[in-house]
Amino acid sequence: MCGLAGFLGEPVPGGEQGALLERMITRLQHRGPDGYGFHVEPGVGLAHARLSIIDLATGEQPIRNADGSTWTVFNGEIFNYVELRATLEAQGHRFYTQSDTEVIVHLYDRYGDAFVEHLNGQFAIVVWDRRRRRLVLARDRVGIRPLFYRRSGGTFWFASEMKALFAAGTGQATLAPAALAQALTFWGTLDPDTVFEDVHSLPPGHLLTIESDGREHLRPWWDWDFDAATGAGARWRGRNRDQAVAELRELLVDAVRLQLRADVPVGAYLSGGLDSSGLVALARRFSDAPVRTFSVAFADAEFDERAHQQAMVAHLGCAHTTLEVDRAAIGAAFPRLIWHTETPVLRTAAVPLMLLSAAVRAAGYKVVLTGEGADEVFGGYDLFKEAKVRRFWARQRDSRWRPRLLERLYGYLANSPVRSPAFAQAFFGQGLEHLHRPVFAHVPRWTTSARALAFLSPQARAACADFDPLAFVEARLPVRAGTWSPLARDQYVEAHTLLSGYLLWSQGDRVAMANSVEGRVPYLDHRVIEFANALPAHWKLRGLTEKDILRRALADLLPPDIAARPKQPYRAPDAASFFVDGEPLDYVADLMSTDRLRATGLFDPVPAGRLFDKARAGRVAGFADNQAFVGILSTQLVDHLFVRGGGLP
Amino acid sequence: MAVDEGTLRTEVRTFLLDNLLLARDPAELSDDASLVDLGVIDSTAVLEIVVFLEERYAFKVREAELLPENFGSVLAISGYVARRLAEAA
């Protein structure tokens with residue numbers, strides 16, 4: 001796990017290119033505190049910051065092939081490198097390190113751009129082909145590791161985080177209102193957009209090549225695909241579900257086995273839910289020692305899951321650390337979160353995970369398994385259930401009992417949207433006219449989030465006047481999605497919006513790497529995804545029971561109450577974290593002041609001021625107001641830290 | 001508590017604009033505009049309205065009365081409050 005940066009072109013005279021690279025890569029020291037490596041030659045520079053996890057002795061990057069004609073810098077892990085290396089060695093390739101990185105250059109030499117299809121892992125890769133003078137950028141299938149790029153002044157720049165691009169003087173960081181509208185609606189921008197003008201994120205499962213004549217070619221090499229679940233040739237048609245449960249169990253065991261590969265100890269996050277508990281139970285099979293586990297607990301009982309965490313700790317005999325987080329800790333750490341996310345967020349839930357990764361590091365661990373991805377892969381979110389009920393209801397809109405199924409959802413929320421059934425029907429009844437649109441499931445969520453857009457200044461609102469979130473996402477859906485089940489379409493949209501744009505970014509890579517910790521996500525092993533995508537929808541969402549097949553695959557490993565436990569989404573206190581006894585934290589008072597809002601120019605100070613007053617009075621309770629408040633504050637922080645180059649408050 | 005309907009409507013409208021329609025043009029909130037259509041009504045918003053009414057007009061809103069016909073617009077809310085106040089008089 002590491003950070004990378006570099007350029008293609010001649011940005012500065014040759015003698016100064018090393019210093020330029022150093023300026024970029026030192027900005028990413030948190031991603032790789034164990035050492036830097038550089039490769040500079042006319043027209044190209046590669047830099048690497050290393051977090052040593054595999055091959056501690058000889059794994060320094062950049063790494064080259066035998067004759068030095070292919071070079072790479074790489075952030076991530078290739079979990080099947082042992083098998084790949086054995087195959088390559090049998091084919092005559094000679095290696096000079098024991099690292100997983102070295103298989104990349106040999107695979108590239110043998111397969112060209114198709115090298116990436118052989119990799120099982122989480123990665124952002126840059127390959128420099130000296131012979132053909134071409135640069136290849138590749139990103140893992142689902143977007144676990146980041147890779148940004150920008151073209152300026154005739155030079156192509158790339159880096160693991162955007163702050164390294166800005167450090168190189170590639171041009172001003174300027175917030176793009178249209179992209180901000182995405183972030184405030186979808187909880188993150190959709191690749192390749194970022195909130196900054198002219199700065200792009202390589203989309204998951206994509207390759208970008210820059211040829212010797214400067215031509216750029218961006219193309220997908222992998223995508224979520226549900227074709228095998230539908231149609232006459234459906235893979236599981238007429239077959240036994242128990243067989244699928246058994247195959248899934250084998251696959252999960254193997255995914256965990258591969259992801260435990262490291263030359264340092266591997267710990268695990270334990271939320272107390274099915275997904276992380278299942279991973280810990282699987283990891284325990286590969287070691288006689290107790291699994292080292294870490295949890296967030298909350299001083300606010302509404303968000304706290306420690307009873308379930310402790311039950312699992314007792315069941316598996318884990319060596320466990322609980323980090324209790326309160327509102328004050330969240331408010332204090334929020335600016336640092338935004339320094340790492342480099343993009344606005346609508347919730348504070350990433351902060352406790354950033355604090356937890358610090359606890360992991362303090363305990364001497366660099367690697368943790370996390371349960372991220374299971375909800376997307378196996379249909380775990382309430383949104384999927386909500387959409388199922390709403391579709392059922394939409395077929396008979398005057399039914400009085402169909403919408404009452406919604407009352408079975410959201411029981412964990414203090415301010416549940418179904419607490420007032422008549423209004424729940426009014427709320428969830430919005431958007432039923434979109435029944436036949438592929439984004440139908442996401443309309444209520446985006447409608448709630450997008451209420452933050454009403455706080456934009458007239459100029460910013462004018463700049464994103466054409467933004468239609470439904471059409472925006474639909475334009476990115478593959479044509480074949482029309483043949484998939486509704487759940488499959490919902491999963492596809494979820495994977496390409498919230499998963500890659502928020503969960504793996506702001507709540508994943510960035511908050512773990514903030515403290516030099518690598519998260520690993522076995523449920524996002526592409527074999528697990530492809531297996532699950534081929535399953536009939538009702539084996540995943542059975543009635544209104546989410547992740548049914550995963551529950552069955554893990555049932556014998558878990559206490560019955562954990563195996564049967566309904567999903568409780570991970571959340572944290574939001575707007576309330578920024579006030580103490582009715583007084584705002586100093587930086588909050590500053591950034592939300594009329595002067596600062598006016599200077600940024602993105603939000604209208606009058607309504608934003610009303611929201612601030614409401615939050616200060618402790619009257620912000622629902623999702624919409626909380627998200628708008630956190631969204632405005634975090635945007636102000638992005639502006640402060642990156643556009644104005646201000647320090648951490 | 002005696003409050004005429006015009007005052008009621010004004011108070012309810014002011015509360016909605018200051019608390020739930022923070023960033024909306026006041027002109028959008030006509031007396032019969034649907035709060036659902038304006039995109040401000042979810043259960044949290046209903047709870048906020050209930051707390052306001054209970055504190056301002058000193059009566060308890062009954063669960064069974066949490067219906068769009070009582071809380072769906074300025075007119076609906078002020079009419080509901082007027083009925084409850086008349087009951088208590």
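Here, every reference points to the structure presented above.
How each quantity is defined
Residues numbered from 1 in each chain as written. Chains lettered and ligands numbered in written order. Predicted model: local features only at pLDDT ≥ 70, side-chain atom pairs only at ≥ 80, totals over all residues. Heavy atoms only, no water. Helix = DSSP H or I, 4+ residues; strand = E, 2+ residues; numbered from the N terminus. Rg over C-alpha atoms; globule rule 2.2 N^0.38 Å. Buried < 20%, exposed > 50% of the residue type's maximum accessible area, 1.4 Å probe, protein only. Contact = heavy atoms within 4.5 Å. Lys, Arg positive; Asp, Glu negative; His and termini not counted. Charge placed at Lys NZ, Arg CZ, Asp CG, Glu CD. Pairing = 2+ DSSP bridges. Right-handed = clockwise from strand over helix to strand, strands pointing away. Axes fitted to C-alpha atoms, helices over the stretch in contact; angles between N-to-C directions. Salt bridge = Lys/Arg side-chain N within 4 Å of Asp/Glu carboxyl O. Core = buried A, V, L, I, M, F, W, Y, C linked by side-chain atoms within 4.5 Å.

This part is about the overall build of chain A. Each helix and strand counted, chain A has 26 helices and 19 strands in total. At 24 Å, chain A has a C-alpha radius of gyration in line with the 26 Å of a compact globule built from 649 residues. In terms of principal-axis extent, the alpha carbons of chain A reach across some 75 × 65 × 50 Å. Here chain A holds 649 residues, and the buried ones make up 64% of them. Within chain A, counting contacts between residues at least 6 apart in sequence, those at least 24 apart form 72% of the total. Between the averaged position of the 73 positive side-chain charges in chain A and that of its 74 negative side-chain charges there is a distance of 4 Å.

For a regular strand, side-chain orientation follows a simple rule: the groups alternate between the two sheet faces. All names here are of chain A. Alternating residues of strand β13 (residues 266-269) divide into V266 and A268 and G267 and Y269, and every residue in both groups is buried. Bridging between β13 and strand β16 (residues 367-369) involves 3 bridges; their strand directions are parallel. Considered in β16, the bridge of A268 is made with L369. Here β13 runs beside strand β14 (residues 292-298); their pairing, made up of 2 bridges, is parallel. Note that in β14 the partner of A268 across the bridge is T293. In the classification by handedness, the crossover that spans β13, the intervening helix α7 (residues 274-284) and the parallel β14 is right-handed.

Next up on the list: the sheet that holds strand β15 (residues 319-325) of chain A. Residues and elements named next belong to chain A. Across the sheet, which stays open at both edges, the 5 strands sit in the order β15-β14-β13-β16-β17 with parallel pairing between neighbours. Where the open sheet ends on each side, the last strands, each with one partner, are β15 and β17 (518-520). If you compare each strand with its neighbour and ignore which way they point, the axes differ by 30° on average. Inspection of the sheet shows β16 paired to β17 by 3 bridges, in the parallel sense. Directly across from L369, in β17, lies its bridge partner R520. This element, helix α10 (residues 350-362), spans β13, β14, β15 and β16 of the sheet and lies at about 145° to β14.

Here we take up the pattern of salt bridges. Residues and elements named next belong to chain A. With the rule as written, the count across this model stands at 54 salt bridges over all chains. For D193, the salt bridge identified is with R476, shortest N-O distance 3.8 Å. Here D193, found in the loop between α5 (177-186) and β10 (200-201), pairs with R476, found in the loop between α16 (469-474) and α17 (486-503); they are 283 residues apart in sequence, far enough to count as distant. The residue E302 makes a salt bridge to R571 at a minimum N-O spacing of 3.5 Å. You can see E302 sitting in the loop between β14 and α8 (306-316) and its partner R571 sitting in the loop between α22 (560-563) and β18 (579-580), a full 269 residues away along the chain. By relative accessible area, which is 35% here, E302 ends up partly exposed. Taking relative accessible area as the criterion, R571 reaches 11% and is therefore assigned buried.

Residue and element names in this part refer to chain A. By the element assignment, L369 lies in strand β16. C-alpha separation for the pair L369 and Y269, spaced 100 residues apart in sequence, amounts to 6.2 Å. Leaving out residues up to four positions away in the same chain, L369 has contacts with V256, Q259, L260, V266, G267, A268, Y269, L279, A283, R520 and P522.

Let us look at the nonpolar core. Core analysis: the largest hydrophobic core is formed by 193 residues, its most contacted members being F115, F196, W224, F334, F378, L524 and F629 of chain A. Ignoring anything within four residues of it in the chain, the contact list for L524 of chain A reads V142, I144, W224, E372, G373, V377, L499, L504 and I529 of chain A. Judged by nonpolar contacts, the second largest core, of 32 residues, contains A426 of chain A together with L29, L38 and I41 of chain B.

Residue and element names in this part refer to chain A. Mapped onto the elements of the fold, H106 is located in helix α3 (residues 102-111). On the basis of relative accessibility, which here comes to 3%, the residue H106 falls in the buried class. Beyond its immediate sequence surroundings of up to four residues, H106 is in contact with L88, H93, R94 and F95.

As a further point, take the sheet that holds strand β2 (residues 36-41) of chain A. Residue and element names in this part refer to chain A. Strands sit in the order β2-β3-β1-β9-β8-β10 across an open sheet of 6 strands; the sheet is antiparallel. Of all the strands in the sheet, the pair left with one neighbour each is β2 and β10. Packed onto the sheet, helix α1 (residues 17-26) meets β1 (2-8), β2, β3 (44-50) and β9 (155-159) and runs at close to 145° relative to β1.

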